[in-house]
Amino acid sequence: MKSTVRMLAIATLGFGCVSTIAACGSGGNNGSSGKASAAAGPATVVAASFPDSLDPQVGATTGSTEATWNVYLGLYTYAHANGSAGTQVIPALASSLPKISAGGTLYTITLRRGLVYSDGARVKASDFAFAIRRAIKLNWGNKGFFTEHIAGAEAFDEGKSSSISGISSDDATGTIAIRLTAPYGPFLNVLAFPAAGLVPSGTPMKALPNDPPPGAGPYEIAHVVPGRSFEERVNPHWAAEAIPGIPKPSVAIEVKVQSNPGAQANEALGGSADLFDWNTPLPPAAVQQAKREASGRYAVEPVAQVTFFFLDTQEPPFNSEAARQAVVTALNRPAYERLASGYLSPGCYFLPPKIVGHPSAPCPYGDPNGNGDVAKAKQLVRQSGTAGDAVAVWGDSPHKEFVDNFAQTLDAIGYRASERVISPSTYFPTIASLKTKAQAGWAEWVQDFPNPVDFYQLLNGKLIHPEGNLDLSLVRDPVLEAGIEALGKVPASQLSSVAGRWEALERRTAQKAYVAVIGYQEAPKLTSARVNFGALVFSPVYGPDWTTIELK
Amino acid sequence: MEVREHSPPPGRRRHASAWRRLLRQPAAIVAACVLLGIVTLCLLAPVYAREVAHTGPDANHVTATVSVSGRRLDVVSPTGVPIGPTWQGRFLFGADPNGRDVAVRLLYGGRNSLQIAAIATLLTMLLAVIVALLAGWFGGALDALLSRLMDLIWSYPVLLLGVALGVTLAVSGIDLGFTTLKGGSLLLPALIIGVVYVPYMARPLRAQTIELARREFVDAARQQGLSGARIMFGEILPNLSSSVVVFAPLLLANAILLESGLSFLGAGVQAPAPSWGTMISEGTRLMPAAIHLVLAPGLMLLAAVLSANVLAEAARDALDPRGRRLRVRPTAGGLDRGLPDGEPA
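None of these values were measured; they are calculated from a predicted model.

**Here's the deal with the pairing of strand 5 (residues 106–110) of chain A**
Residues and elements named next belong to chain A.
Right, on to step 1. Burial along strand 5 is one-sided: the residues Y107 and I109 are buried and none of L106, T108 and T110 is.
Right, on to step 2. Where strand 4 (residues 99–100) lies against strand 5, two bridges are found, and the strand directions are antiparallel. Directly across from I100, in strand 5, lies its bridge partner Y107.
Right, on to step 3. Turn length for the strand 4-strand 5 hairpin, with the two strands adjacent in sequence and antiparallel, is five residues, and the turn residue G104 shows positive phi of about 80°.

And the structure:
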């Protein structure tokens, strides 16, 4: 009895201490909020995790590119604009858009004059070839975009040559010539990767995540505390550059890691942080709070991403077009929107709305904002002669609820669905192996760059591989393949001229129901009260544009 | 003479007095009632689902609404927060993110958890008794081989071994020769749990077997010409029954806990089938906005495990009133390595 009383006393005391500390913490936050509103900077950005690397030729995650795209300018970059305008490639260190040869394989580019890095060194044309060599040597995650398309890059990667034969440059005139192995329309997008950002020749050929090299962008990285924080200071030489379309930052940035989304939201809502990490969905309770208390500084922004269920079009039951149409007809997309905590915009087309080629025509199998027509779907399943077939639905554990919902839809329309939910680390290698024979499953595609070609590699039968296969539905449609091949050669700068042809492919994809598109992910844009919310640009490619952060 | 003829045999008399001692413990009665209540409720899950909740355990109602006190409410809000307890037939304990009735899933999840735990416990008991009798009776090379096998299993932390086996077999299933267990089969976690706990029971029982094999009544049986198998199963096994009875509820409690742990980590019951562990796992994502998702299965788990443990303690006291008892108690990683007091290790 005595020990029980003692335990209760200790528990009460402990609870009291914790409450007191929490109250002190809360007060501290409020205090800092008040102080922050009077301060001129730096602006504090909270991130759910530390970028995989701050070295531009290594970093591949969205956390890394968000931080580095304004530090390491390449020859081209994206317009600092919201919405579709933000998907436009604009010249950065290049003086203009490239001259592309008639065959589409030779890009001639001229560097702007008088460019300097953040350490004061002169930017040279030969630094471009050096940066590409460095990205390949350091095994940048997407180096295939260089090795597969630039002549001689593959030989360099394999150690067969010490330079890339397809890139030549003249430091005196600032001219760079890039020869491709074959015409590749999105090559301008490839040149806009932060990994193609110029760094001084002679930068060590080793990853420099904690002491990143100088760049020629508006910011420079400083004070990296691995895993915890780093700063981005305004590049002291930037004022002289004055590159059109790239804003001059008004405030330094301090990035700190806060892995708990709830705490992260509290910091942004309370004012101790200025920008919430857009890669993390706001916790449901925080969404309510943001809508209630911070409606003027909270918005939901579209992301160039598509969420879908793939359907194996080569094997029963989904080798039947009617069976696939039945699945799409029965989809209750608003349910998935709720499963994604509201951060999903229902849709039926494979290309997200901000990507060129996304049709404006109505969906072929019902309103995507409707709850699905199960009765009609059942009828289609019966017509297809596949009723009662067993279907295994694959998914990774973070999207288990999606898989549960999809499996239940399949059951409801006449199939016998079972689930295969596995760890996210092994999920894509598993379903991308033809040996798995995955019949159906959850998938998403986040753009490498805002170009329809990037999305349509997932529907290109010519790219089916035994392992690492991206065409999960195993679509083998000669019309699509011919269209992708022809449109894939159109340079990114001329994309709008072929928007109608892409739309035709999109309508065919939706009509044939090759994939059951659920919708497009959205991201939270949440700032503190001291940030000029209206001025903050949300790039559809890299998220919040730090160069546009203005403090009141 | 008449009295002797009508007296029950010593074993039965011992069990009868143990039963009387058990009934004298109020905690044991309460624990037994709680456990029985949980089992009964779980067995009635289909009736509850059909007659009260009017929905199945896997039926999604994400975009549906429900009338609560005359108001229409979303089962799942547009921001993905499921409704909390309504304290009425539909969504009594609220809904989960897929709009599934938590009370229905709680009962079906309990069925799965208890079913797995019961099968695992029976499997452990069967294998452990066989291993203990063979190793303790025959000794020598067979004892060494079986003991090292037990050491090998014992050397792995139970949860890690369970997760490793569960994750490996969850998708592919396992071919046992005489039958194949598919990835989503409930028998798979039962098999895994049943096997990983064998050493915890087999080792103390083996020690008891060795001790019993040296007793006079076994010598007498030998001299009467009884075969080894008859002595093992006819003479020694009945004398192990007290220990087995004490072990059973303890193993059940630990099996329920391990099943929940495995399911929580995605290595136990596979979706969409519910279990208390998977329900807690799903609920953590929406903490603290929908705390009922963790609270309901958590409390159910607590009640089941606590009552099984109290029952085990009471059974031990009833069967061993003089304190000559097994020092076996549940720990975070499994069962404590206790042996009967004074028994050779």
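So that's the structure; there's more coming.
**Things to note about the environment of A268 of chain A**
Residues and elements named next belong to chain A.
Right, on to step 1. Position of A268 among the secondary structure elements: in helix 8 (residues 261–270).
Right, on to step 2. Judged by local crowding, A268 falls into the buried class, with 30 C-beta atoms found within 10 Å.
Right, on to step 3. Sequence separation of A268 and I549 is 281 residues, and the distance between their C-alpha atoms is 14 Å.
Right, on to step 4. Each residue touching A268, except ones within four places of it in the same chain, is listed here: V46, A273, L275, F276, L526, T527 and S528.

**Quick look at the packing of helix 7 (residues 158–172) of chain B against helix 8 (residues 187–196) of chain B**
Residues and elements named next belong to chain B.
Right, on to step 1. Between helix 7 and helix 8, the shortest axis-to-axis distance is 10 Å and the interhelical angle comes to 150°. The orientation of helix 7 with respect to helix 8, classified from their angle, is roughly antiparallel. In terms of crossing hand, the pair formed by helix 7 and helix 8 is right-handed. Together, V158, L161, G162, L165, G166 and L169 of helix 7 and L188, P189, I192, I193 and V196 of helix 8 make up the contact between the two elements.

**Observations concerning the interface of chain A and chain B**
Accessible area lost during the coming together of the parts is what is often quoted as the interface size.
Right, on to step 1. Listed by partner, the interface residues are 27 residues for chain A and 22 residues for chain B.
Right, on to step 2. Elements with a contribution of two residues or more to the side of chain A that touches chain B: helix 9 (284–293), helix 11 (333–339), helix 13 (400–412) and strand 15 (416–422) of chain A.
Right, on to step 3. The element contributing the most residues to the side of chain A that touches chain B is helix 13 of chain A, with seven residues.
Right, on to step 4. Counted by class, the side of chain A that touches chain B contains 12 nonpolar, nine polar and six charged residues.

**Observations regarding the nonpolar core**
Right, on to step 1. Formed by 258 residues in total, the largest nonpolar core has its most connected members in L93, I132, F309 and A516 of chain A together with M201 and L311 of chain B.
Right, on to step 2. Per element, the largest residue contribution to this core is 19 residues, and it comes from helix 5 (residues 102–138) of chain B.
Right, on to step 3. Aside from chain neighbours lying at most four places away, what touches I132 of chain A is F146, I150, I164, I167 and A196 of chain A.

What counts as what
Residues numbered from 1 in each chain as written. Chains lettered and ligands numbered in written order. Predicted model: local features only at pLDDT ≥ 70, side-chain atom pairs only at ≥ 80, totals over all residues. Buried ≥ 20, exposed ≤ 12 C-beta atoms within 10 Å, placed from the backbone. Helix = DSSP H or I, 4+ residues; strand = E, 2+ residues; numbered from the N terminus. Pairing = 2+ DSSP bridges. Contact = placed C-beta atoms within 7 Å. Axes fitted to C-alpha atoms, helices over the stretch in contact; angles between N-to-C directions. Parallel < 35°, antiparallel > 145°, perpendicular 65-115°, else oblique. Left-handed = near helix turned anticlockwise from the far one by under 90°. Nonpolar A, V, L, I, M, F, W, Y, C, P; charged D, E, K, R; others polar. Core = buried A, V, L, I, M, F, W, Y, C linked by C-beta atoms within 7 Å.

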